[in-house]
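Here is what each chain is made of, one letter per residue.
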Amino acid sequence: MSTDKTDASPATVEAAPAAAGASVTAVDPRLLVREQGFAGYISEFKRKIKGGDLGAIPVVIGLIVICAVFQSLDSAFLGAENLSNLGVQMVATGMMSIGIIFVLLLGEIDLSVGSVSGVSSAVLAVMSVTHGVNEWLAILVSLAGGAVIGAVHGWFFARLGAPAFAVTLAGLLFWNGFMLQVLGDNGTINIDGDGVVGHLTGYYFSDVAAAYGLAVIVVAAYFLSAFFGARRRAAAGIPSRPLSDILLRTVLLAIAAFGAAAVFNQYKGLPLAVLLFAVALVVTDFVLRRTSYGRKVFALGGSVEASRRAGINVIAVRISVFAISGLFASIGGLFWASKIAAANQSAGAGDLLMNVIAAAVIGGTSLFGGRGRTWNALIGVLVITSIQSGLALEGIATAIQQMITGAVLLITVVIDSVTRKTQKSAGRA
């Protein structure tokens with residue numbers, strides 16, 4: 001299992017050399033990175049590269065290359081309209097990818113997310129449109145249904161020991177058939193574009209203060225959290241980031257946040273979809289990295305037996321992870337329904353499942369479990385959506401788009417496998 005060692009408490013060991021007869025305190029050098037300032041981070045970067053831990057570097061470089069290539073081919077690629085549309089377009093897949101990351105952290109897979117997303121949109125449409133149920137209530141039922149479906153899959157896997165691959169493959173088939181049954185002979189139910197679901201992808205905060213205000217809040221929240229967190233660590237005698245490092249990170253975040261706000265304001269304003277996606281990323285990242293539940297998920301991804309001996313309720317965590325995957329599949333389904341203003345028989349079909357998994361893996365989540373963050377969903381879906389958007393601008397056929405996306409996924413998996421082997425040889429696996 002790979003975790004952020006710099007967040008751990010400093011650990012020291014007493015070594016008693018036989019010749020000297022004196023104890024020497026050895027401190028893990030990774031724990032001193034924050035106290036050494038920029039020099040420490042450079043040393044840590046070199047150590048990670050040598051150990052095969054490339055992190056998000058290949059993906060970020062790839063994203064920069066993708067943007068540069070498509071911008072050279074069509075100047076509209078990095079235009080405000082295309083970037084804003086790209087941001088809204090990526091949310092549905094990104095939401096579903098967040099859920100799949102929880103499953104991948106266990107080293108498992110969920111093949112049912114596409115069908116579950118389709119069921120969610122079908123249930124919503126039938127309840128709110130066909131039967132006139134309050135739309136908010138229909139949304140809650142759809143989301144609860146997705147979570148329950150995921151929990152059922154998790155129960156078969158965790159309690160009965162059935163392989164997750166087989167269970168969720170069966171779920172893919174079953175829930176796809178269930179969706180067709182719910183939609184009925186018509187096969188398509190149109191959704192009110194001015195309703196709650198319609199606004200998910202169609203509403204923009206047109207006031208420029210909204211985007212810039214959000215950027216201010218994000219930057220200020222990060223700085224205050226990092227600053228006071230460093231003070232608490234310093235007061236406890238734990239290595240902490242120097243103020244210069246915090247300021248540099250804050251400046252970089254400010255450039256990204258205000259740059260995105262400027263782009264959105266050049267078109268229609270801040271999209272509600274992007275705002276909700278950002279909130280989902282922050283909340284799930286907090287859950288994984290700052291709560292005991294998140295630590296249990298990472299622990300299970302590292303070693304099930306060790307987690308069981310440590311007192312972790314393995315069955316409960318496994319079921320909950322699949323429930324989270326089902327919940328976010330349902331959320332993604334609502335965004336897809338909002339995008340096309342309908343629920344139809346093709347919902348959740350096509351290359352959606354592959355794009356969801358590819359976004360998580362391309363973003364940096366390991367297929368072998370134990371390594372990943374929900375922010376990987378953002379990076380990965382940016383890569384996939386950028387490729388699709390750029391190729392669409394050039395008039396490239398969908399078949400070629402799928403081939404290129406598959407090649408990118410293969411390259412990412414190969415890098416992940418090579419990285420793990422390098423880490424094992426370096427004694428860091």
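Read on for a plain summary of the structure. Remember, it's a predicted structure, so these values are computed and weren't measured experimentally. (Residues numbered from 1 in each chain as written. Predicted model: local features only at pLDDT ≥ 70, side-chain atom pairs only at ≥ 80, totals over all residues. Heavy atoms only, no water.)

1. Some details on the pattern of salt bridges
Two side chains bearing opposite charge may form a pair once their charged atoms approach each other closely.
And then number 1: Applying the stated criterion across every chain yields a total of 5 salt bridges.
And then number 2: A salt bridge links Arg 289 to Asp 285; the shortest N-O distance between them is 3.2 Å. One end of the pair is Arg 289 and the other is Asp 285, both in helix 10 (residues 272–290) and 4 residues apart, which spans about a single turn.
And then number 3: On the basis of relative accessibility, which here comes to 29%, the residue Arg 289 falls in the partly exposed class.
And then number 4: Judged by its relative accessible area of 8%, Asp 285 falls in the buried class. (Salt bridge = Lys/Arg side-chain N within 4 Å of Asp/Glu carboxyl O. Helix = DSSP H or I, 4+ residues; strand = E, 2+ residues; numbered from the N terminus. Buried < 20%, exposed > 50% of the residue type's maximum accessible area, 1.4 Å probe, protein only.)

2. Some words on helix 14 (residues 352–363)
And then number 1: The end-to-end C-alpha distance of helix 14 is 16 Å, a good match for the 16 Å that 12 residues give at a rise of 1.5 Å each.
And then number 2: In terms of residue burial, helix 14 counts as a mostly covered element, since 11 of its 12 residues are buried.
And then number 3: Of the residues making up helix 14, those classed as buried are Leu 352, Leu 353, Asn 355, Val 356, Ile 357, Ala 358, Ala 359, Ala 360, Val 361, Ile 362 and Gly 363.
And then number 4: Phi turns positive one or two residues past the end of helix 14, at Gly 364, with a value near 125 degrees. (Expected span 1.5 Å × (residues − 1).)

3. A word on the layout of surface pockets
And then number 1: What the second largest pocket holds in volume is close to 420 Å³.
And then number 2: What lines the second largest pocket is a set of 29 residues, among which Thr 93, Trp 336, Lys 339, Asp 351 and Leu 352 lie closest to the centre.
And then number 3: Elements with a minimum of two residues in the lining of the second largest pocket: helix 3 (80–104), helix 4 (113–130), helix 13 (314–340), strand 6 (342–344), helix 14, helix 15 (375–393) and helix 16 (398–425). (1 Å grid on protein atoms, 1.4 Å probe; cavity = no way out; pocket = protein on both sides within 12 Å on 5 of 7 lines; lining within 4 Å. Points joined across faces, edges and corners; volume = space filled by probe spheres on them.)

4. Describing the packing of helix 3 against helix 14
Packed helices, taken two at a time, are described by the angle their axes make and the gap between the axes.
And then number 1: Look at helix 3 against helix 14: their axes get within 8 Å of each other, and the N-to-C directions meet at 65 degrees. Handedness of the crossing formed by helix 3 with helix 14: right-handed. Contacts between helix 3 and helix 14 pair Thr 93, Met 96, Ser 97, Ile 100, Ile 101 and Leu 104 from the former with Leu 352, Asn 355, Val 356, Ile 357, Ala 359, Ala 360 and Val 361 from the latter.
And then number 2: Considered class by class, the residues forming the contact of helix 3 with helix 14 number 10 nonpolar, 3 polar and no charged. (Axes fitted to C-alpha atoms, helices over the stretch in contact; angles between N-to-C directions. Left-handed = near helix turned anticlockwise from the far one by under 90°. Contact = heavy atoms within 4.5 Å. Nonpolar A, V, L, I, M, F, W, Y, C, P; charged D, E, K, R; others polar.)

Bear in mind that shape data such as this cannot, by itself, settle questions of function.
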